[in-house]
There are 2 protein chains.
Amino acid sequence: MNAATDTRSRIIAAAKPRFHSRSYANVGIQEICESAGVQKGSFYHFFPSKRDLVMAVIDEFADEWAHGFVAEAFDPALPPMERIDYLVDAAYFWQKSIKQVHGRMLGCIFGNLTLEVSTQDDILRAKLLAIFSRAKSRFKETLEEAVAAGTIAPLDADLTAEAMLAYLEGVILLAKSQNDPEVIYRLGPAIKTLRVEKAA
Amino acid sequence: MNAATDTRSRIIAAAKPRFHSRSYANVGIQEICESAGVQKGSFYHFFPSKRDLVMAVIDEFADEWAHGFVAEAFDPALPPMERIDYLVDAAYFWQKSIKQVHGRMLGCIFGNLTLEVSTQDDILRAKLLAIFSRAKSRFKETLEEAVAAGTIAPLDADLTAEAMLAYLEGVILLAKSQNDPEVIYRLGPAIKTLRVEKAA
DNA sequence: CTTGCATTTTACCGAACGGTCAACTAGCAT
DNA sequence: ATGCTAGTTGACCGTTCGGTAAAATGCAAG
């Protein structure tokens, strides 16, 4: 059972950086197995399909973020709008450190996968959508708190939260196109200027 | 020569919707050739590699946009900020009509390709970056004109233009994750709230 | 000691991948 | 008519793709 868990997590550990740095279609099961020191038959003992593997990888990334930067950024002790700054900063420093190690900016794996597979696989699309929904909720709660505290003028928190998430993904996309995390540094702070007014 | 041009453009015509609706890696030369009624050897007479094909596809999409919606939107006769509205509307209607025909929101092919290939192919990345650069310039000129006309308060036109482009791409990404062009309709107009102030 | 189950190994499947090659055809200029 | 060239054909290259099946192994409970 311990060895079993180990095999499974070794597979995921081998898959994670590959899906992040390349693409879903460009990473093969065989390569992952070789890197994890696992036979292909063993792989299919733990994962019914490649899709199931990438779902597990998505979950791991999501957990990593949720317990790492996201938990730090959305610290209730921080003033609400500073949490958003913190999150953007975290995205910047993370991408920057990835580039230092890897030589390239890899961007957001959720965004990457969304654009690659969401027209071809509704199950994966739903999985990624759920990730985005949770992220949006975090923004929304923060905005509501900021409005309640009088830090910002009242607005449509739901739509503004979605707009901010969109902006963050878009900034990371442009940064990736330039292979330059500084784009996040330059453009990121403008996220707080985004506003969707409450409908009348 | 006419037949030659025809073969080449039939290949591109077959490739365009496939790269747009799926992904670079998921579309094979063979499938494109079958759809275009062309032998594989003939394909490689016109395109040295798959990459060269996708570059031609990118050019066609770029031209299509430049002479279509973009030309309409950035009409100097329109008040500057209305041009931005027009462009967002155009993106919305385009995606909506694609969904009506195809059943799915396909998003922006430049964004799609950027996230898929830009860590793996610097030549493609450069090509896509050039597309984004031109788009950014359009935004920038428009913003400068709006500032000059007194429509909006002075700002950093260069960075704000980049921020707007990022936002547009991000909105299309989120819309694709929901397979719903209405996301563009709801979030799009907030693009005009984005501002990067001039550095002191 | 045996049964049963989870795990692992190995060999294999048909299909598709991007790309190559030599032979052939057709049209045009000399 | 001949030669050159752009275009076309169809067979072929080795490799990889995601996935399967059966046999072997290890291990724990009865």
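Computed from a predicted structure; not experimentally measured. Within each chain, residues carry numbers counting from 1 in the order of the written sequence. Labels follow written order: the first chain is A, the first ligand is 1, and so on. Per-residue local features of the predicted model are confined to residues with pLDDT of at least 70, and side-chain atom pairs are confined, for both listing and counting, to 80 or more; whole-chain, interface and lining totals are unaffected and use all residues. Working from all heavy atoms in the structure, the side-chain values ignore hydrogens and water.

**Some words on the overall build of chain A**
For clarity, the threshold we go by: The numbering of helices and of strands both runs from the N terminus, where a helix is a DSSP run of H or I of at least 4 residues and a strand a run of E of at least 2. The buried label applies to any residue whose accessible area, calculated with a 1.4 Å probe on protein chains only, is under 20% of its type's maximum; exposed applies above 50%, and partly exposed to all values in between. Should any heavy atoms of two residues lie within 4.5 Å, those residues are considered in contact. Each accessible area is a Shrake-Rupley estimate made with a 1.4 Å probe; only the visible protein chains count as cover when residues are assessed.
Helix and strand counts for chain A stand at 10 helices and 0 strands. With the C-alpha coordinates of chain A rotated into their principal frame, the extents come out at 60 × 35 × 30 Å. Taking all 200 residues of chain A together, 52% fall into the buried category. In chain A, the proportion of contacts linking residues at least 24 apart, taken out of those at least 6 apart, comes to 65%. Of the roughly 8,700 Å² that chain A leaves accessible, carbon and sulfur atoms contribute 54%.

**Points about the relation of the copies chain A and chain B**
Mapping between the two chain copies consists of a rotation about an axis together with a translation along that axis. Stated formally: A least-squares fit on C-alpha atoms brings the copies together, and the residues used are those whose pLDDT is at least 70 in both copies.
When chain A is fitted to chain B, the residual RMSD is 0.0 Å, and the transformation amounts to a turn of 180° plus an axial shift of 0.0 Å. Here the two chains are linked by the operation of a two-fold rotation axis. Judged by C-alpha distance, G170(A) is the residue of chain A that lies nearest the rotation axis, at 1.9 Å.

**Observations concerning the interface of chain A and chain B**
Condition: The quantity reported as buried area is the accessible area (1.4 Å probe) lost by two parts once they are put together, taken as the sum for both. The salt bridge definition used is simple: a Lys or Arg side-chain nitrogen within 4 Å of an Asp or Glu carboxyl oxygen. The definition of a polar contact used here is a pair of N or O atoms within 3.5 Å, where within protein one atom must be able to donate a hydrogen and the other to accept one, and adjacent residues in sequence count solely through side-chain atom pairs. Only Asp, Glu, Lys and Arg are considered charged, only Ala, Val, Leu, Ile, Met, Phe, Trp, Tyr, Cys and Pro nonpolar, and every remaining residue, Gly among them, polar.
Listed as interface residues are 43 residues of chain A and, on the opposing side, 43 residues of chain B. Across the interface of chain A and chain B, roughly 3,900 Å² is buried in total on both sides, 64% from carbon and sulfur atoms. The interface formed by chain A and chain B holds 2 salt bridges in total. Ionic pairing is found between R104(A) and D122(B), a salt bridge with its closest N-O pair at 2.4 Å. Taken together, the links from chain A to chain B amount to 16 residue pairs in polar contact (both at pLDDT 80 or more). When residues of the side of chain A that touches chain B are traced back to their parent elements, those giving at least two are α7 (109–117), α8 (122–148), α9 (157–178) and α10 (182–187) of chain A. Of all the elements, α9(A) adds the most residues to the side of chain A that touches chain B, at 14 residues. Residue composition of the side of chain A that touches chain B, grouped by class: 19 nonpolar, 14 polar and 10 charged.

**Side note on the nonpolar core**
Among soluble globular proteins, nonpolar side chains are generally buried collectively. Going by this rule: Among buried residues, the Ala, Val, Leu, Ile, Met, Phe, Trp, Tyr and Cys ones that are joined through side-chain atoms within 4.5 Å form a nonpolar core.
Ranked by size, the top nonpolar core spans 143 residues in total, and within it Y167(A) and Y167(B) carry the most contacts. With residues near it in sequence (within four places) discarded, Y167(A) still touches L187(A), G188(A), A190(A), I191(A), L194(A), A163(B), A166(B), Y167(B) and L194(B).

**Looking at helix α8 (residues 122–149) of chain B**
Residue and element names in this part refer to chain B. The test is simple: Multiplying one less than the number of residues by 1.5 Å gives the expected span of a helix.
Counted at 1.5 Å a residue, the expected span for α8 with its 28 residues is 40 Å, and the 40 Å between its end C-alpha atoms agrees. Within α8 the residues assigned to the buried category are L124, R125, L128, I131, F132, K136, F139, T142, L143 and A146. Measuring from the backbone nitrogen of I123 back to the side-chain oxygen at the start of α8 gives 3.0 Å, which picks out D121 as the cap. Trailing α8 by a residue or two, G150 shows a phi angle of about 80°, which is positive.

**Observations concerning helix α2 (residues 29–36) of chain B**
Because each turn of an α-helix spans 3.6 residues, side chains separated by three or four positions in sequence point in the same direction. Residues and elements named next belong to chain B. Which entries qualify depends on this criterion: This arc is taken over the directions from the axis of the helix to the C-beta atoms.
Regarding α2, the residues found buried are I29, I32, C33 and A36. For α2, the buried positions fall inside an angular range of 100° around the axis, keeping them on one side. Facing away from the buried side of α2, by more than 90 degrees, are the exposed residues Q30 and E34. Phi turns positive one or two residues past the end of α2, at G37, with a value near 65°.

**Here's the deal with the domain arrangement of chain A**
Accessible area lost upon the coming together of the parts serves often as the stated size of an interface. All names here are of chain A. Going by this rule: The source of the domain bounds is an automatic or database domain assignment.
Annotation of chain A at the domain level lists domain 1 (1–48) and domain 2 (68–193). Between the C-alpha centres of domain 1 and domain 2 the distance comes to 28 Å. Tallying the contact residues gives 6 residues for domain 1 and 10 residues for domain 2. Carbon and sulfur atoms supply 65% of the area buried between domain 1 and domain 2, which totals about 650 Å² over both sides. Contact with domain 2 buries area across many residues of domain 1, yet H20, S21 and Y24 alone supply 78% of it, more than any other trio. Connecting domain 1 to domain 2 are 0 salt bridges. Inspection of the region where domain 1 meets domain 2 yields 3 residue pairs in polar contact (both at pLDDT 80 or more). In the side of domain 1 that touches domain 2, the residues fall into 3 nonpolar, 3 polar and no charged.

**Some thoughts on the packing of helix α4 (residues 50–67) of chain B against helix α7 (residues 109–117) of chain B**
Packed helices, taken two at a time, are described by the angle their axes make and the gap between the axes. Residue and element names in this part refer to chain B. Stated precisely, the cut-off is as follows: Axis definition: a line fitted to C-alpha atoms, over the contacting stretch in the case of helices. Angles run 0 to 180 degrees between N-to-C directions. Oblique is the label for any angle not under 35 degrees, not over 145, and not in the 65 to 115 range, which are roughly parallel, roughly antiparallel and roughly perpendicular in turn.
The N-to-C vectors of α4 and α7 enclose an angle of 150°; their axes lie 11 Å apart at closest approach. Put simply, α4 runs roughly antiparallel to α7. Listed contacts from α7 to V54, V57, I58, F61 and A62 of α4 are I109, F110 and L113. Its residues assigned to classes, the contact of α4 with α7 comprises 8 nonpolar, no polar and no charged.

**Considering the environment of A163(B)**
With respect to the helices, strands and loops of the structure, A163(B) is situated in helix α9 (residues 157–177). Expressed as a C-alpha distance, the spacing of A163(B) and S42(B), which sit 121 residues apart in the sequence, is 43 Å. Filtering out sequence-adjacent residues up to four positions away, A163(B) remains in contact with Y167(A), L187(A) and L194(B).

**Here we look at the pattern of salt bridges**
When the charged atoms of two side chains lie near each other, side chains of opposite charge can form a pair. This model, assessed by the stated rule, comprises 30 salt bridges over all chains. Between E31(A) and R18(A) there is a salt bridge, with the nearest N and O atoms lying 2.8 Å from each other. With E31(A) in helix α2 (residues 29–36) and R18(A) in helix α1 (residues 2–21), the pair connects residues that are 13 residues apart, well separated along the chain. Salt-bridge contacts for R10(B) lead to D6(B); the nearest nitrogen and oxygen are separated by 2.7 Å. In this pair, R10(B) and D6(B) both sit in helix α1 (residues 2–21), 4 residues apart, roughly one turn of the helix.

**Section: empty space enclosed by the protein**
The rolling of a water-molecule-sized probe over the atoms marks out the regions of remaining empty space. This is how the line gets drawn: A 1.4 Å probe that fits but cannot get out identifies a cavity on a 1 Å grid over protein atoms alone, an open set with protein on both sides within 12 Å along at least five of seven lines counts as a pocket, and a residue lines either if it has an atom within 4 Å of a point. Grid points are joined across faces, edges and corners, and a volume is the space filled by probe spheres set on the points.
For the coordinates displayed, the defined rule picks out 1 cavity of 30 Å³ or more. By volume, the largest cavity is sized at about 40 Å³. Forming the boundary of the largest cavity are F19(A), R22(A), S23(A), Y24(A), N112(A), L113(A), E116(A), L115(B) and E116(B). Mapped onto the lining of the largest cavity, the elements with two or more residues apiece are α7 of chain A together with α7 of chain B.

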